[in-house]
Amino acid sequence: DLDCVRGEMRRSVFCLCPGGDFEGWSLRLYNAIAAGCIPVILSNKAELPFAQLLDYSRFSVKVAEEEAGRLPEILKGLGRTKIQNKQKELRLVAPRFSWDYASRDASGEAVYAEASALNSLLEILHVKLRFMRNSPYNFWIKVKQTR
């Protein structure tokens with residue numbers, strides 16, 4: 001049952017996140033982050049969400065597919081301090097992966113989170129827009145005035 005799985009993830013220090021079919025990552029990454037367990041990304045080709053904004057090495061562990069057999073050894077070798085630092089950083093970045101970007105205050109007014117998946121996406125699009133303005137590949141952002 002899904003509640004049991006989520007409970008186990010919340011009690012875990014590490015959550016295995018093998019690569020997916022498309023980008024080398026899957027929803028397991030989001031689930032691990034939401035549960036607060038350190039994602040162990042097992043993929044050689046992962047193109048991680050919001051990688052332009054976040055340093056994944058601070059809150060996750062990346063293991064090459066050919067090193068999968070050494071996974072227990074790799075995780076044990078991290079040490080308590082490094083694990084605690086990753087957990088602390090994970091708590092800081094977790095809101096950037098949440099699509100629940102609005103909550104309500106006591107009066108019922110919407111309060112929008114500064115760190116959300118939506119804001120992360122908008123930040124990336126803003127950077128790309130600045131790049132496109134100074135790029136020869138700016139067809140989609142040029143608007144021709146017709147009168």
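What you are looking at is a predicted structure, and each value in this text was computed from that prediction instead of being measured.

What follows is about the state of the cysteines. Think of a disulfide as a covalent bridge from one cysteine sulfur atom to another cysteine sulfur atom. As enumerated under the stated definition, the model contains one disulfide in all. Here Cys15 engages in a disulfide with Cys37; their sulfurs sit 1.8 Å apart. Across the disulfide from Cys15 to Cys37, rotation about the S-S bond amounts to roughly -105°, and the bridge is consequently left-handed. Here Cys15 is found in strand β1 (residues 14-18), whereas its partner Cys37 is found in the loop between α2 (27-35) and β2 (38-42), with 22 residues between them in sequence. For Cys15, a relative accessible area of 7% corresponds to the buried category. For Cys37, a relative accessible area of 0% gives the class buried.

Our focus in this paragraph is the sheet that holds strand β3 (residues 61-63). Across the sheet, which stays open at both edges, the three strands sit in the order β1-β2-β3 with parallel pairing between neighbours. Where the open sheet ends on each side, the last strands, each with one partner, are β1 and β3. Taking the axes of each pair of neighbouring strands and ignoring which way they run, one obtains an average angle of 25° across the sheet. Summarising the sheet, β2 and β3 pair through three bridges and their orientation is parallel. Across the sheet, the residue bridging to Ile41 is Lys62, located in β3. Against the sheet, helix α4 (residues 80-93) makes contact with β1, β2 and β3, and its axis sits at roughly 100° relative to β2, the strand it touches most.

This paragraph deals with the nonpolar core. Taken as a class, soluble globular proteins show a tendency for nonpolar side chains to be buried jointly. Ranked by internal contacts, the top residues of the largest apolar core, which has 15 residues, are Phe50, Leu54, Tyr56, Phe59 and Phe97. Those elements giving two or more residues to this core turn out to be α2, α4 and α5 (117-133). Per-element accounting of this core gives the leading share, three residues, to α2. Residues within four places of Leu54 in sequence aside, it is in contact with Phe59, Val93, Arg96 and Phe97.

Before going further, it helps to examine the pattern of salt bridges. Following the criterion strictly, the structure yields five salt bridges and no others. Of the charged contacts, one joins Glu89 and Arg58 as a salt bridge, the two residues approaching to 3.1 Å between their closest N and O atoms. Taken together, the residues Glu89 in helix α4 and Arg58 in the loop between β2 and β3 connect sequence positions 31 residues apart. Two residues, Arg96 and Glu123, come together in a salt bridge whose shortest N-O distance is 3.2 Å.

What follows covers the side chain of Glu89. Since its relative accessible area comes to 17%, Glu89 is described here as buried. In this structure Glu89 touches Arg58 and Phe59, once residues within four positions along its chain are discounted.

Rules behind the numbers
Residues numbered from 1 in each chain as written. Predicted model: local features only at pLDDT ≥ 70, side-chain atom pairs only at ≥ 80, totals over all residues. Heavy atoms only, no water. Disulfide = S-S within 2.5 Å. Helix = DSSP H or I, 4+ residues; strand = E, 2+ residues; numbered from the N terminus. Buried < 20%, exposed > 50% of the residue type's maximum accessible area, 1.4 Å probe, protein only. Pairing = 2+ DSSP bridges. Axes fitted to C-alpha atoms, helices over the stretch in contact; angles between N-to-C directions. Contact = heavy atoms within 4.5 Å. Core = buried A, V, L, I, M, F, W, Y, C linked by side-chain atoms within 4.5 Å. Salt bridge = Lys/Arg side-chain N within 4 Å of Asp/Glu carboxyl O.

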